[in-house]
Structure formats: C-alpha cells, structure tokens
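Coordinate inspection notes
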Amino acid sequence: MNLLVIGSGGREHALCWKLRQSARVGRLWCAPGNAGIAAVAECVSLGDGHDAVIAFARAHDIALVVIGPEGPLVGGLVDALRAAGIHAFGPSAAAARLEGSKGFTKALCARANIPTAAFARFDSGDAARAYVAGHPLPVVVKADGLAAGKGVVIAHSVAEASAALDAMPGPVVIEAFLTGPEASLFVLCDGTDIAVLGSAQDYKRVGDGDTGPNTGGMGAVSPAPALTAELEARALTEIVAPTVAAMAVMGTPFVGVLFAGLMLTPTGPQLIEYNVRFGDPECEALMVRLDSDLLDLLLATCDGTLSDTRPVWRDGVSVTVVMAATGYPAAPVTGSAIARIDAAGATGATVFHAGTARRADGAVVASGGRVLAVTATGATVGEARAAAYAGVDAIDWPGGFARRDIGAGE
Ligand code: AMP
Ligand code: GLY
C-alpha cells in the first residue's frame, strides 16, 4: 500500500518512522519532508494547493494520505481528497473547526455542558477591553483562529490585557484563568467510536522552570504523569465523548486524531483547547511507545471500524527533548550545521528531525525554529530522561539549545 504523509516536522518524521515499520506499507512519500524524513520516506515538494496533492496521489496509486499539520485540515484538504475519491486520514474542514475556531468550540462546550473556562468572544478590541475591566484578573486573551500556540496571553493587569488586544487584530476570546497541571490526551475517532491513544505532558515555555515565551513545545513526557487513570476516565466521559457525540449530531462527525489540551484543576479536568491532529512533540513521544501497527489504526479510523481495534502499548515511558535554533521562538537563526546526529542514535535515543535540510556538501543544517526532537524510552521517567539527554549531549550543534528540565521531578 502506498502512502503520502503531508508535513515537515518532528511529528511527521515520527509518523513516517512508525509507518515504515508496517509490513503493509509499500512506497512512502512525505511532502515536503525534511533531511531526517528522507531516511525513511521519499520527500517530494507539492506546494500548498490541493490539486497538486490530488494529482500526485492519483499518479502514484496512494491508498491513504495522512495529514500532519492543522493548516491543510482547516483549509479543507481532506474534503478535496475525498471528493476526488482518495482516502485521507484527518477531519473535514467542518470538523477541524474544533481547532480552527475557539468560538465554535466554546459554543459546543456550552451546549454539551463540557467543563471549560468561562469565556466571551469579541469582534472588536474595545468591547473586549470593557469586558476585561469588569472581570477578575488574571484573564487569558486568545486570538480566535490558528495561531501556532502563540496567540495566547495571560494578562495580570488591565494594561497587559490591553497590550495583548492591540497585538491581536482579529476576533478574540477572553477566558477565565484556570490553574493546575496540564496534560495532552489523544484519541482516534472514526466519527462514532473512539480508541484512546494515550497522553503526554508538553513543555510549552522556552526556558527551564517554565520561563520565557510560549513555543510550539520544547519537550514531552508520555504518558502524562499528572493524568491518573481516574482523571483520564473523567476527561473521556465529561469532555471527549460529549464532543464526539455533538459533532456527529451536527452532521460533521470527527474523523481523525482528536487532541484534547486539558487543565487538571482542583475540581477536575477542564478543556483548554482542542487540536485536530497529533501534537508536536507529543507525537514523537507517543510513537516510540506504540506497539500496534500505526497503519492498521489509521485505516480503522477512516473505515469506521475503531470499535474492533485497540492500540497496544509497550511498557514504560518516553521522554522527548526538543533542540531548537538559537533565537527561537522570536527569531531563530537558521543555516547552522549540526554534526554527530548518528552518535545520538548510538546512545539508544531516536532523533526525529523537526526542521532540518541537507546542504549541497551533505551537511545537515537547521532550517526552522524547532530542529530536532531527541526521544528515548525507559522503565521510569528518570531512565527515559537520562537516555534522551545522553542523545542530546552526543550531538554537536553550537547553534542550538535545549531545555535541561524535561521530565525532571516527575
Ligand atoms: P492554548 O493555545 O489555548 O493551548 O493555550 C496555550 C497555553 O496557555 C496553555 O497550554 C496554557 O498553559 C495557557 N492557557 C490557555 N488557556 C488558559 C486558561 N483558561 N487558564 C490558564 N492558562 C491557560
Ligand atoms: N505541542 C503542542 C501542539 O502540538 O499543539
């Protein structure tokens, strides 16, 4: 079976790495891919339009297109592929509104009684300012659209809220501030049934001790230490199941991987946000723990047969440490050469490439903000963490940095 994976990050490298292990996968392409993905898949440049993907899928007898990032999902790539008779893993544009529109998701939560922060949505900054003036601080100011994890400001004063609103030109959502540990929960959903894929803890801030600006994610631990079996069961019953049911009733069933960003508050799990795709770097941490054939799971999701399928996991835990280019997230410096990536592999870690390219002289260079996702497993978080950092420390990259506290204290 020939497959095409869309994307170029560590998430797509982990998906291609895992799919390559399936006996049923024939040729595997990734568009556009990166220097690391090129070791397990054939990288091809198709641009952003839907037509090029459809033409490529037809020309290469692609049995399934797997879409990694949110942009093409919200933009309707799955709808276009299905209309062309091509199988695709991921939600329709209508179902991808769970990520693409915070206003949509908040309204759904209100209707289905799903626990989430109290909120209000505003088209104009002035109306939002008036609302903030009458509410207890801190408040959370969010852009109502795709913002790559950077459209959220926690404002501790009216002035901070006002500055955040100045920086967000479009519609905004203002939320009450929740407290507690966070966890990312992933479920496959075939429109009706779900299969729990597992959880991870993300490290969103750029600096050790959760300091500095938010990023796309600087590391992950899977399963999420704070998400006990009891809390996971509550999140599934109180948050995920009613969402899946509401989407089906609306005639826009969710098919794909649903990623619930949860805050484990003193009163129980609350939904911070949905994403309609695998997390990055959470996907890297999940894939090294998954024993099942990923292709079987993706096909069961698309075919509506998830009720017969249960993912099997290896014992133990995994830790992913992201190595980013100097200056990330504000202004990453790209182009620096990275040496001794193989030496990290020799320590037992798996190095997923998140933003790399191969220079004409063969050197691997940084081509994005987040560049490598060094991942390892162990019987305990401590073991997995030590193995992941052994991998990080084997890599020779003066132009990069990593947080040193991923998995510390767990
Ligand atoms: P989001 O992009 O919605 O996941 O938000 C990014 C981060 O902002 C989350 O991971 C939280 O750390 C924080 N955050 C978002 N919403 C809230 C909230 N209502 N209360 C407290 N923190 C929040
Ligand atoms: N790591 C968070 C995300 O993928 O959105």
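A brief look at the structure comes next. (Residues numbered from 1 in each chain as written. Chains lettered and ligands numbered in written order. Predicted model: local features only at pLDDT ≥ 70, side-chain atom pairs only at ≥ 80, totals over all residues. Heavy atoms only, no water.)

**Description of the sheet that holds strand β20 (residues 356-358)**
- Reading across from one edge, β18-β21-β20 is the order of the three strands in this open sheet, with antiparallel pairing throughout. The sheet terminates laterally at β18 (337-338) and β20, the two strands that pair on one side only.
- With three bridges joining them, β20 and strand β21 (residues 364-366) adopt antiparallel strand pairing. The partner of Ala357 across the bridge, within β21, is Val365. (Pairing = 2+ DSSP bridges. Helix = DSSP H or I, 4+ residues; strand = E, 2+ residues; numbered from the N terminus.)

**As for the site of ligand 2**
- Ligand 2 sits among Asp202, Gly216, Phe259, Asn275, Arg277, Gly279, Asp280, Pro281 and Glu282.
- With respect to ligand 2, the side chain of Asp202 contributes an N or O atom lying 2.9 Å from a nitrogen atom.
- Here Asp280 contributes a backbone N or O atom positioned 2.9 Å from a nitrogen atom of ligand 2.
- Within the complex, 89% of the 200 Å² of free accessible area of ligand 2 lies under protein.
- Among the residues forming the shell around ligand 2, the class breakdown is two nonpolar, three polar and four charged. (Near = heavy atom within 4 Å. Polar contact = N/O pair within 3.5 Å; in protein donor to acceptor, adjacent residues only side chain to side chain. Areas by Shrake-Rupley, 256 points an atom, 1.4 Å probe, with all protein chains shown as cover. Nonpolar A, V, L, I, M, F, W, Y, C, P; charged D, E, K, R; others polar.)

**A word on the site of ligand 1**
- Near ligand 1 you find 15 residues, and of these Glu175, Leu178, Glu182, Lys204 and Glu273 are the closest.
- Glu182 places a polar side-chain atom, nitrogen or oxygen, 2.4 Å from an oxygen atom of ligand 1.
- A total of 480 Å² of accessible area belongs to ligand 1 in isolation, and the protein chains cover 92% of it.
- Looking at the shell around ligand 1, the elements that each hand over two or more residues are β7 (139-143), β8 (152-155), β9 (172-176) and β16 (268-275).
- A class-by-class count of the residues in the shell around ligand 1 yields nine nonpolar, no polar and six charged.

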